[in-house]
Every structure is written in structure tokens, then in C-alpha cells.
Amino acid sequence: MKLFPNLILSGTLLAVALGAPIQPAQADPARDAIIAQFKAQAGVSSFSAARGKKFFHAKHAGGKPETPSCTTCHTNDPRNFGKTRVGKVIDPMAVSRNPQRFTDPKKVAKWFRRNCKTVLGRECTAQEKGDILTYLSSI
Amino acid sequence: MRRHIITTILALAAVGTMAMQPAQAASKSPGTMFAEECSACHMAFDPGFLPKRSWRAIMGNLSNHFGEDASLDDQTRNAIERYLLSNAADANGRNPYWLRRIPTSQTPLRITELPWFTNEHGARARAWAKSNPKIGSISNCQGCHRGAARGVFDDD
């Protein structure tokens, strides 16, 4: 064992980072890897769906007055279809309704950057992003 | 030990998948990038509705796009701008009659502010669009023109 300390260590870190013990029903390796990256960035070992829920439904200040909340477009129930300000339908955010959600890291990064700026006037932290994805994966 | 190695391999495979994405994006044509990126919040407006100077201004300020952040990575942004410029109303020396009515010192940012548009869509159409939750905005062409995404506007 002592011959491969690095391998064992990195394997363990990745196993922890991948969040092995969560949501077997909707697990997706690509989504798990995205959440793992947020964990590494935030320096935490788990996220909170309750905190994510609170953030997602809260009215925030600092962004554009037309869009005070994530729910402005994604609605109060993320299992429902949402709508943009120009009237275009948005597919549900809840993973249970839309298994494709949060499986493309570039797409996730792009929309977090945009929507957090629009709603809060700043980027979201890795902790906030991880909490939100954990919430949306849990419903 | 074995589990760890397998986990490592799986994790590396996941990272590998992530690393593949930019390469795939780069192989898309500018027209496809435009059609995908510019249709996320509204239908992709035909580049022929606005002159080059308008598209330059719009593409130069995507992080403050009509009250929303629509920012893109530089590579995608540049490709889409090139596509818009080569298909704009005044591309290839074209100079349609409706464009001649707009002084070159003005840079319209909206199709819905152009003189021909306000002629076709008066204050009542605008108010109707706003008050009808199914339409929401006069910029939602498809709310009234079902064929809008195909460029058909005379179906009503």
C-alpha cells in the first residue's frame, strides 16, 4: 500500500468529491462531476438542499429590478415549465422532471454566470451553486 | 485499493468528457452557434432585420443585454458577430428602403423601434402584447406570428 500513496490519496479524494452516497435514482456521472468541482472550489464535503431551496426562492437585491428571484423565470415550483421575459418556455429545472439538467459543465457555468449577475448583480459562490444543484436534484 | 483505482478511472473519464466540450463547440458553424445561443431567451431574430452597426453594438454589450446578462465566451461571441455582420440588412452593399430612413448617425438596438415596425405595430399591438400573459412582450414575434422562426410574418 505504501507504494502507491498518491494513487490512494487521489482516489479517495475523488471518491469523496464525487459524492458517492447521494441520490442513486437520478445520479449522473457528468452531474456528479460538476457538483464535485463545486465542492473542491468551496472546500466543503457536502451541500445543503435546504439552503439551496432558500436561495432559489428568495428575493434578492443588487440585480435588475425586473428579475429579483430565480423564480421570476423558473417559477415557484421548479418542477414546472418556466418562462423568459420574452415569453419563451423554459423546461423544468428539477432533475426529476428533466434528467438532462446540469449535465453539461459549460452550459451550467454559462447560465450561473449570467443568471446570478442578472438576479444578484454578482456571480454566485461555489457554495451557493452546489447548494442550488443539490436542491434541484432532490426534488 | 481496487475500488480506488476504478473510482480514479471513472473520475478521469468524467473529467475527460468535460474537456471534450470546447472542442465540440469549436467545430460548430457560426450560423449554428447563432441559432443555438441567440434562441435561448427569445427566437433567434433574423440578422437581416438590423444593420451591421446595430449588431456590432448589441454584440459588444452582451453582459448588459436589455436588462439581462447574455454574455458568451469570446470565441463564440466573435463567431456569432461575424455571422450577424455577413447577414445584416446592409451586408454585401445592400441598402433596403427601410434602412435609408434611419440616419447613419443612429444605431437602433431594437427591431421593434424601427419605423417600418412601429408602422405595422401601433401602440395598441404593443399594449396588447404586454397585457396578454401568453405573449408578454412585443419582442415575442412568435406570440402573434406562428411562422416567425421560419421568417413568415404575413400569416395573420
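As the structure is a computational prediction, the values presented were derived from the model and not from experiment. (Residues numbered from 1 in each chain as written. Chains lettered and ligands numbered in written order. Predicted model: local features only at pLDDT ≥ 70, side-chain atom pairs only at ≥ 80, totals over all residues. Heavy atoms only, no water.)

## Focus on the overall build of chain B
In terms of helices and strands, chain B carries 8 helices and 0 strands. For chain B, the α and β elements follow one another from N to C terminus as α-α-α-α-α-α-α-α. Here chain B, with 156 residues, has 38% of them falling under the buried criterion. By sequence separation, contacts in chain B at least 24 residues apart represent 52% of the contacts at least 6 residues apart. As presented, chain B carries roughly 9300 Å² of accessible surface, and 54% of it is formed by carbon and sulfur atoms. (Helix = DSSP H or I, 4+ residues; strand = E, 2+ residues; numbered from the N terminus. Buried < 20%, exposed > 50% of the residue type's maximum accessible area, 1.4 Å probe, protein only. Contact = heavy atoms within 4.5 Å. Areas by Shrake-Rupley, 256 points an atom, 1.4 Å probe, with all protein chains shown as cover.)

## A closer look at the domain arrangement of chain B
Examined at the domain level, chain B breaks down into domain 1 (29–109) and domain 2 (121–156). Each of domain 1 of chain B and domain 2 of chain B has a C-alpha centre, and the two are 20 Å apart. (Domains from an automatic or database assignment.)

## Notes on the pattern of salt bridges
Residues and elements named next belong to chain A. On inspection of all chains with the given rule, the structure shows 8 salt bridges over all chains. Two residues, D131 and R51, come together in a salt bridge whose shortest N-O distance is 2.7 Å. Of this pair, D131 sits in helix α6 (residues 126–138) while R51 sits in helix α3 (residues 49–57), and the two are 80 residues apart along the sequence. A relative accessible area of 4% places D131 in the buried class. (Salt bridge = Lys/Arg side-chain N within 4 Å of Asp/Glu carboxyl O.)

## Let's talk about the side chain of T118 of chain A
Along the polypeptide, T118 of chain A turns up in helix α5 (residues 105–120). Relative accessible area serves as the criterion here: at 6%, T118 of chain A is assigned to the buried category. Once residues within four sequence positions are removed from consideration, T118 of chain A is found in contact with G63, K64 and T67 of chain A together with G67, E68 and D69 of chain B.

## Let's talk about the packing of helix α2 (residues 30–37) of chain B against helix α4 (residues 74–86) of chain B
Residue and element names in this part refer to chain B. Contact geometry for α2 and α4: axes closest at 8 Å, N-to-C directions at 105°. If you check the angle between α2 and α4, you find them roughly perpendicular. Residues P30, G31, M33, F34 and E37 of α2 form the contact with α4, whose own contacting residues are T76, A79, I80, R82, Y83 and L84. When its residues are assigned to classes, the contact of α2 with α4 shows 7 nonpolar, 2 polar and 2 charged. (Axes fitted to C-alpha atoms, helices over the stretch in contact; angles between N-to-C directions. Parallel < 35°, antiparallel > 145°, perpendicular 65-115°, else oblique. Nonpolar A, V, L, I, M, F, W, Y, C, P; charged D, E, K, R; others polar.)

## Examining the nonpolar core
Counting 30 residues, the largest nonpolar core has L50, W55, I80, L84, W98, I111 and L114 of chain B as its most contacted members. Among the secondary structure elements, those contributing two or more residues to this core are α2, α3 (52–59), α4 and α5 (97–100) of chain B. Lining this core are residues from two domains, each supplying at least three of them: domain 1 (29–109) and domain 2 (121–156) of chain B. Ignoring sequence-local partners within four residues, the contact set of L84 of chain B consists of F34, P47, W55 and M59 of chain B. Grouped together as the second largest cluster of nonpolar side chains are 21 residues, I35, F55, L133 and Y135 of chain A included. (Core = buried A, V, L, I, M, F, W, Y, C linked by side-chain atoms within 4.5 Å.)

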